[in-house]
Amino acid sequence: MEHVRTLIDAERISQRVCELGRAIQEDHPDGVVLIVILKGSFIFAADLCRAIQGKVTVEFLGLRSYEGTASTGVVQITSDLSEPIQGKDVIVVEDIVDTGLTMQYLMENLGTRGPNSIKVASLLHKPSRTQAEVRIDYLGFTVEDVFVVGYGLDRDQRFRNLPFIGLLEQS
């Protein structure tokens, strides 16, 4: 039987996402393209998008690098962008950066597509697992090396719908 203990409550998440939205708006007054990494960051991205006043367009990119709770070390693009990003200011919206390998691959890939700028917004960061340094321009929270679920993050497609970030515990 699995139990989820609240690590970051919904109110703290909401407050921080609003702060990130204001920072993005200040940095990009002429608009920005949010590239939402599926599936885990869709809830964060929806709230972040609503927190940005001004021109925002949204693109989706499907990636896979995990099986269960472990990274495979291989990044697969499962669904690519529908519109070009050449000449645009882009923010990659990710649920969590842990090893940094996926984000490193993605930044290199997107960089070849000619955007004006690329920044990263990540809800969570696990610095203790870093294998590749990645600059996170807009960071929600730093967490320890624990497996978290909720607010879009899952374990085998479960727990995404929780309104908070929680620690998955076995009972």
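Whatever comes next refers back to the structure up there.
Residues numbered from 1 in each chain as written. Predicted model: local features only at pLDDT ≥ 70, side-chain atom pairs only at ≥ 80, totals over all residues. Heavy atoms only, no water.

Describe the overall build of the chain, with residues and values.
Summing up its helical and strand segments, the chain has 3 helices and 9 strands in all. Mapped from its N terminus to its C terminus, the chain presents α and β elements in the order β-α-β-α-β-β-β-α-β-β-β-β. Expected size for 171 residues packed as a compact globule is a radius of gyration near 16 Å; at 15 Å, the chain falls within 12% of this value. Judged by the C-alpha coordinates and their principal axes, the chain covers about 50 × 35 × 25 Å. The buried share of the chain, reckoned over its 171 residues, is 43%. A separation threshold of at least 6 residues defines the contact pool for the chain, and within that pool the share at least 24 residues apart is 66%. Taken as a whole, the chain presents about 8900 Å² of accessible surface, with 47% of it coming from carbon and sulfur. In the chain, 17 positive and 24 negative side-chain charges are present, and the distance between their average locations comes to 2 Å. (Helix = DSSP H or I, 4+ residues; strand = E, 2+ residues; numbered from the N terminus. Rg over C-alpha atoms; globule rule 2.2 N^0.38 Å. Buried < 20%, exposed > 50% of the residue type's maximum accessible area, 1.4 Å probe, protein only. Contact = heavy atoms within 4.5 Å. Areas by Shrake-Rupley, 256 points an atom, 1.4 Å probe, with all protein chains shown as cover. Lys, Arg positive; Asp, Glu negative; His and termini not counted. Charge placed at Lys NZ, Arg CZ, Asp CG, Glu CD.)

Describe the sheet that holds strand β8 (residues 148–149), listing the residues and the values that go with them.
Strand order in the open sheet formed by 3 strands is β1-β9-β8, with antiparallel pairing between adjacent strands. The sheet is open, and its two edges are formed by β1 (2–8) and β8, each paired on a single side. Note that β1 and strand β9 (residues 165–170) share 6 bridges and pair antiparallel. Within β9, the position partnered with His 3 by the bridge is Glu 169. (Pairing = 2+ DSSP bridges.)

Lay out unusual backbone geometry in plain terms, naming residues and giving numbers.
With omega at 5°, the peptide bond leading from Leu 38 into Lys 39 counts as cis. Assignment of secondary structure puts Lys 39 in the loop between β2 (32–38) and α2 (42–51). Residue Tyr 151 is not a glycine yet carries a positive backbone phi of 50°. Summarising the element assignment, Tyr 151 is placed in the loop between β8 and β9. According to the relative accessible area criterion, Tyr 151 is buried, its value standing at 6%. Phi is positive for Phe 159, close to 80°, though the residue is something other than glycine. When you line up the elements, Phe 159 lands in the loop between β8 and β9.

Could you give me a rundown of the side chain of Ser 41, with the residues and numbers involved?
Residue placement: Ser 41 occurs in the loop between β2 and α2. A polar side-chain atom of Ser 41 sits 3.0 Å from the main-chain carbonyl oxygen of Val 93. Other than its neighbours up to four places away in sequence, Ser 41 contacts Val 36, Val 93, Glu 94 and Asp 95. (Polar contact = N/O pair within 3.5 Å; in protein donor to acceptor, adjacent residues only side chain to side chain.)

Can you tell me about the packing of helix α1 (residues 10–27) against α2, naming the residues and giving the values?
Two numbers describe how α1 lies on α2: the axes approach to 8 Å, and their chain directions differ by 55°. In terms of orientation, α1 and α2 fall into the oblique class. Helix-helix and strand crossings are classified by hand; for α1 and α2 the assignment is right-handed. Every residue of α2 that contacts α1 at Val 17, Cys 18, Leu 20, Gly 21, Arg 22, Ile 24 and Gln 25 is listed here: Phe 44, Asp 47, Leu 48 and Ala 51. Partitioned by chemical class, the residues of the contact of α1 with α2 number 7 nonpolar, 2 polar and 2 charged. (Axes fitted to C-alpha atoms, helices over the stretch in contact; angles between N-to-C directions. Parallel < 35°, antiparallel > 145°, perpendicular 65-115°, else oblique. Left-handed = near helix turned anticlockwise from the far one by under 90°. Nonpolar A, V, L, I, M, F, W, Y, C, P; charged D, E, K, R; others polar.)

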